[in-house]
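Summary of structural features
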Amino acid sequence: MIFITAKFRVRPEHADRWPEISAEFTRATHAEPGCLWFDWSRSVEEPTEYVLVEAFRDEEAGAAHVQSAHFKAAQQTLPPHLAETPRIVNMTVPQDDWSLLGEMAVPEQ
């Protein structure tokens, strides 16, 4: 899978509305057949920073995502709300889902 984590620093005046601002892009991405997940989280230390954790089935699905109409629309609509260019980590990972964190295993109940 293609595993991506990106940090978005949002302008302070837009930070509380970021989930609403990015909602259309998020919904459309979730609907892509190759999208495994596309999840936003807000930093507990920096309220203007959102972290996007996303994964796509393979390189083909990742390419389809960046070529989609909703991605191209987001390239126009999202940057005016940002304080800086998002930072990203993009890797190909030889798995297709989350692995268990064995060091913090929860006993079966």
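Residues numbered from 1 in each chain as written. Predicted model: local features only at pLDDT ≥ 70, side-chain atom pairs only at ≥ 80, totals over all residues. Heavy atoms only, no water.

Thoughts on helix α2 (residues 23-30)
For α2, the set of buried residues is Ala-23, Phe-25, Thr-26 and Thr-29. Down the axis of α2, the buried side of the element spans an arc of 165°, and every buried residue falls inside it. Of the exposed residues in α2, those oriented more than 90 degrees away from the buried face are Glu-24 and Arg-27. (Buried < 20%, exposed > 50% of the residue type's maximum accessible area, 1.4 Å probe, protein only. Helix = DSSP H or I, 4+ residues; strand = E, 2+ residues; numbered from the N terminus. Arc of directions from axis to C-beta.)

A few points about the pairing of strand β2 (residues 35-42)
Pairing of β2 with strand β3 (residues 49-56), which is carried by seven bridges, proceeds in the antiparallel orientation. Opposite Trp-37, over in β3, you have Ala-55 as the bridge partner. Here β2 folds back onto β3 in antiparallel fashion, the turn holding six residues. (Pairing = 2+ DSSP bridges.)

A closer look at the UniProt feature "domain: ABM" (unreviewed entry) in the protein
Those residues carrying the UniProt feature "domain: ABM" (unreviewed entry) are residues 2-90 in this numbering. Helix makes up 34% of residues 2-90 and strand 31%. Its end C-alpha atoms lie 7 Å apart. (UniProt positions renumbered as here; feature names shortened; annotations may be inferred.)

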